[in-house]
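# What the coordinates show
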Amino acid sequence: MLPLLKRCLSKKESELIPLIASFLLFILLQPLDIAYGQTPSIVFSTRGIFDTETGEPSTEPPELSNATTTLGLNGQNCPPEIAIYVHGVWADEQEAGEEFGRVDLSVKANRYDIPIVGFSWDSDTPVSTSGWDSAKQIADANGAPLALFIFDFKFQCPDSKVRLVAHSLGARVVLSALGVLNNAETWNERNFKVASVHLLGAAVDNEKVSKDDQDSTDGIVYGQAIEAQVDNFYNLFNPRDNLLEPRFVPPIYYPLFEGNLALGGNGRELGIFEPTNYRD
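Residues numbered from 1 in each chain as written. Predicted model: local features only at pLDDT ≥ 70, side-chain atom pairs only at ≥ 80, totals over all residues. Heavy atoms only, no water.

If you tally the helices and strands in the protein, you get 12 helices and seven strands. Going through the 280 residues of the protein one by one, you find that 50% of them count as buried. The contacts of the protein with a sequence gap of at least 6 include a subset with a gap of at least 24, amounting to 77%. A total accessible area of about 13300 Å² is found for the protein, and carbon and sulfur atoms account for 51% of it. (Helix = DSSP H or I, 4+ residues; strand = E, 2+ residues; numbered from the N terminus. Buried < 20%, exposed > 50% of the residue type's maximum accessible area, 1.4 Å probe, protein only. Contact = heavy atoms within 4.5 Å. Areas by Shrake-Rupley, 256 points an atom, 1.4 Å probe, with all protein chains shown as cover.)

Our next topic: helix α6 (residues 129-141). Between the first and last C-alpha of α6 there are 19 Å, a value that for 13 residues agrees with the 18 Å anticipated at 1.5 Å per step. Along α6, the positions that sit buried rather than exposed are Gly131, Trp132, Ser134, Ala135, Lys136, Ile138 and Ala139. (Expected span 1.5 Å × (residues − 1).)

With that settled, the discussion passes to the sheet that holds strand β5 (residues 194-200). The seven strands are arranged β1-β3-β2-β4-β5-β6-β7 in an open sheet whose pairing can be described as parallel. Either end of the sheet is taken by a strand with one partner, and the two such strands are β1 (43-45) and β7 (278-279). Across the sheet, helix α5 (residues 93-109) touches β1, β2 (81-86), β3 (116-120) and β4 (161-167), and the angle it forms with β3 is around 160°. (Pairing = 2+ DSSP bridges. Axes fitted to C-alpha atoms, helices over the stretch in contact; angles between N-to-C directions.)

Overall, the coordinates contain one cavity of 30 Å³ or more when judged by the stated rule. Considered as a void within the structure, the largest cavity measures approximately 40 Å³ in volume. Looking at the largest cavity, the residues that line it are Leu244, Glu245, Pro246, Leu261, Ala262, Gly265 and Asn266. Residue composition of the lining of the largest cavity, grouped by class: four nonpolar, two polar and one charged. (1 Å grid on protein atoms, 1.4 Å probe; cavity = no way out; pocket = protein on both sides within 12 Å on 5 of 7 lines; lining within 4 Å. Points joined across faces, edges and corners; volume = space filled by probe spheres on them. Nonpolar A, V, L, I, M, F, W, Y, C, P; charged D, E, K, R; others polar.)

Moving on to the nonpolar core. Judged by nonpolar contacts, the single largest core of 55 residues is most densely connected at Leu71, Ile84, Leu146, Leu178, Val197 and Phe233. Dropping the residues within four chain positions of it, Val197 is found in contact with Leu164, Val174, Leu178, Val230, Asn232, Phe233 and Tyr234. (Core = buried A, V, L, I, M, F, W, Y, C linked by side-chain atoms within 4.5 Å.)

This next bit is on the packing of aromatic side chains. Under the criterion given, the structure shown has 11 aromatic pairs. Where Trp132 meets Tyr254, the ring centres are 6.1 Å apart and the plane angle is 85°; that geometry is what we call edge-to-face. Taken as a pair, Trp132 in helix α6 and Tyr254 in helix α11 (residues 254-258) lie far apart in primary sequence, 122 residues in all. Judged on exposure class, the residue Trp132 and its partner Tyr254 are both buried. One aromatic cluster is present, built from ring pairs that chain together Trp90, Trp132, Tyr254 and Phe257. (Phe/Tyr/Trp six-rings, centres within 6.5 Å; stacked < 30°, edge-to-face > 60°.)

Let us now look at the state of the cysteines. Scanning the model with the defined rule gives one disulfide in all. The disulfide bridge from Cys78 ends at Cys157, spanning 2.1 Å between sulfur atoms. Residues Cys78 and Cys157 share a disulfide whose torsion about the S-S bond is about -80°; that sign makes it left-handed. Of this pair, Cys78 sits in the loop between α4 (67-71) and β2 while Cys157 is found in the loop between α7 (143-156) and β4, placing the two residues 79 residues apart along the sequence. Overall, the relative accessible area of 30% leaves Cys78 in the partly exposed class. (Disulfide = S-S within 2.5 Å.)

Structurally, Leu261 is set in the loop between α11 and α12 (263-266). Between the C-alpha atom of Leu261 and that of Leu244, which follows or precedes it by 17 residues, the distance is 7.5 Å.

Burial of β2 is extensive: six of the six residues sit out of reach of the surface. With burial as the criterion, each face of β2 is covered, one bearing Glu81, Ala83 and Tyr85 and the other bearing Ile82, Ile84 and Val86. Alignment of β2 against β4, held across six bridges, turns out to be parallel. Across the sheet, Glu81 pairs through a bridge with Lys161, a residue of β4. Two strands pair when backbone bridges link them, and β2 and β3 are joined in this way by four bridges, in the parallel orientation. Directly across from Val86, in β3, lies its bridge partner Phe119. Viewed along the sheet, the connection from β2 through α5 into β3 turns out right-handed. (Right-handed = clockwise from strand over helix to strand, strands pointing away.)

Okay, here's the thing in structure tokens:
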């Protein structure tokens, strides 16, 4: 991962590298009492909308806020840009909040002073095969709330940039959101775009970024949405990620559950029809 970051840092095209580098490196150097227990003031939560046992919608879902309320926008205090961070699987509300805090600290430590919005979702399903399946279902369904949040922000602040960063199964939320935006007529009529997407250890199949649905066994890919809706798309992967790498002895995680290789393990599948703005 470090060589990859060094290469990225040398490229002017990578606009969110301070966030990525700081998230992976800066926090490792901080005392635990500083890095942990920090929660940023801006959190957009969809928790309670889904049943974490079944993955189905809750019978009494809470009322969601929106970007206007969450960010306190009144049409005249738009920040130049925001970054929305989406956490991964099996994080409860407190753990997600601590993760958001570490990201917020990292960004500010690198003098990148922009609002960080933590996107908190019902990822704390049972740690089991069925729990993993429920988490995937919930992640897919959270694409719509995330897309609505992004649209509401851009509607209020059309000149502001939106950046998305996702870890692990949070990548599934982001890809789903891009798919929703790609089919949103009003969003496209206004020529809105997401400035950048960075995936960290993405727990999604490695062909999901293809533009050709025939590259995927289930016919669901996001390459066209990536190319149409994002200026710069970066996938940061790690071949030695213990949860994503293929193994021949237990424990075998992603390959065992999915029967496929992860995008966050070795990057995109070779030979797929990748978007022109995609970078491993």
